[in-house]
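Observations on the model geometry
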Amino acid sequence: MHLRKLSLGIGYVGGTLNINSLTLIAGEAFGENLQETGDILEKALDTDADPESRLKTFIALSTALECKDKIFKNATDLDAFLQKLLVQVLVPTLVWHAGLTAEAMRTMAVACVCSVLNPGVQVDLFPQAATIAPFLEKLTPLLLSLTEDSSSRSRQLAIEALTLIKLIASKRKCWDTDALLKVYPGGALLLWEIATGFNPLYF
C-alpha cells in the first residue's frame with residue numbers, strides 16, 4: 001500500500017525521471033520507504049539529469065523536508081537516509097561549476113541541505129556523534145567554499161547550513177574547529193563567527 005502511494009508521483013518526462021509530485025503527496029509513505037525514496041532521489045538529482053527537472057525536484061524535496069515531523073513519523077534507518085541524501089545526492093551539486101544553471105543548482109541544493117538540517121519538533125536528527133562524521137567531513141568544506149559564491153542567496157544559505165551543522169555537532173560534542181581548518185584554512189574567521197554565534201550578513 002505504501003509503495004503504491006510512493007510511486008504516485010513518479011514518472012518519466014522526455015526520458016528523465018520526474019518525481020516532483022512524490023515528495024508533496026507521499027506524506028508518511030515518504031519516510032516508510034526511505035531506501036526506495038533515496039534511490040529515486042539519487043537518480044532524479046544526478047548531475048547529468050535534465051536541469052529543469054532537477055530544479056523542480058529540488059523545490060519539491062525542500063518543501064517536503066520542511067514537514068519532516070510528518071514524513072518521518074514512522075521512518076526507520078533515518079540517519080542512513082539523511083547521510084545518503086546529504087553526501088551522495090546533494091554534495092555533487094554543491095561542487096562549483098561554471099555557468100548560471102550550475103549556480104542555480106547550487107542554490108537549490110544548499111537550500112535542501114538547510115531543510116535537511118533544520119530540526120523537527122518530534123524528529124531527533126543524528127542522535128549519535130558517529131552518524132555526523134560522514135557528512136561533516138564532506139559537506140562542511142563545500143559549504144565554506146559556498147560562502148564565497150557569486151550568488152548572494154547561496155552565500156546566505158551556506159552560512160545558515162554551517163550554523164545548523166555547528167548546532168547539531170556541538171549538541172553531540174563533535175564540533176572540531178581545528179580539524180575543519182585543516183581542510184579549509186581560509187575559513188578561520190567565518191568558523192569563529194559561527195562558533196561564537198555571530199552570523200555576518202552577506203549581500
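Residues numbered from 1 in each chain as written. Predicted model: local features only at pLDDT ≥ 70, side-chain atom pairs only at ≥ 80, totals over all residues. Heavy atoms only, no water.

Let's talk about helix α10 (residues 152-171)
Rule in force here: We count a stretch as a helix when DSSP gives it H or I for four or more residues in a row; a strand needs E for two or more, and each element gets its number in order from the N terminus. Here a helix's expected span is defined as the number of its residues, less one, multiplied by 1.5 Å.
Taking 1.5 Å as the rise per residue, α10 with 20 residues should run 28 Å; its terminal C-alpha atoms sit 29 Å apart, in good agreement. Backbone geometry just downstream of α10 places K173 in the positive-phi region, at approximately 60 degrees.

What to know about the packing of aromatic side chains
Threshold: Geometry of aromatic contacts follows a simple scheme: Phe, Tyr and Trp rings, the Trp one being its six-membered ring, pair when their centres are within 6.5 Å, and the pair is stacked under 30 degrees between planes, edge-to-face over 60, tilted otherwise. Each residue is placed in one exposure class: buried if its accessible area under a 1.4 Å probe, protein chains only, is under 20% of its type's maximum, exposed if it is over 50%, and partly exposed if it falls in between.
Inspection of every chain in the model, using the stated rule, returns two aromatic pairs. When the ring of F72 is compared with that of F81, the centres are 6.1 Å apart and the planes differ by 65 degrees; the resulting orientation is edge-to-face. When its relative accessible area of 4% is taken as the criterion, F72 is described as buried. Taken together, a centroid distance of 4.7 Å and an interplanar angle of 45 degrees make the contact between F126 and F135 tilted. Considered together, F126 and F135 belong to a single accessibility category, that of buried residues.

Focus on the side chain of D149
So the rule is basically this: Polar contact criterion, stated in full: a pair of N or O atoms within 3.5 Å, where within protein one must be able to donate a hydrogen and the other to accept it, and residues adjacent in sequence count only if both atoms are side-chain atoms. We call two residues in contact whenever any of their non-hydrogen atoms come within 4.5 Å of each other.
Looking at the element boundaries, D149 is found in the loop between α9 (133-146) and α10. In this structure the side chain of D149 is engaged in a polar contact, spanning 2.9 Å, whose partner is the side chain of R106. Within the structure, D149 has its side chain in polar contact with the backbone nitrogen of S151 (distance 3.0 Å). Excluding residues within four positions of it along the chain, D149 makes contact with W96, E103, R106, S154 and R155.

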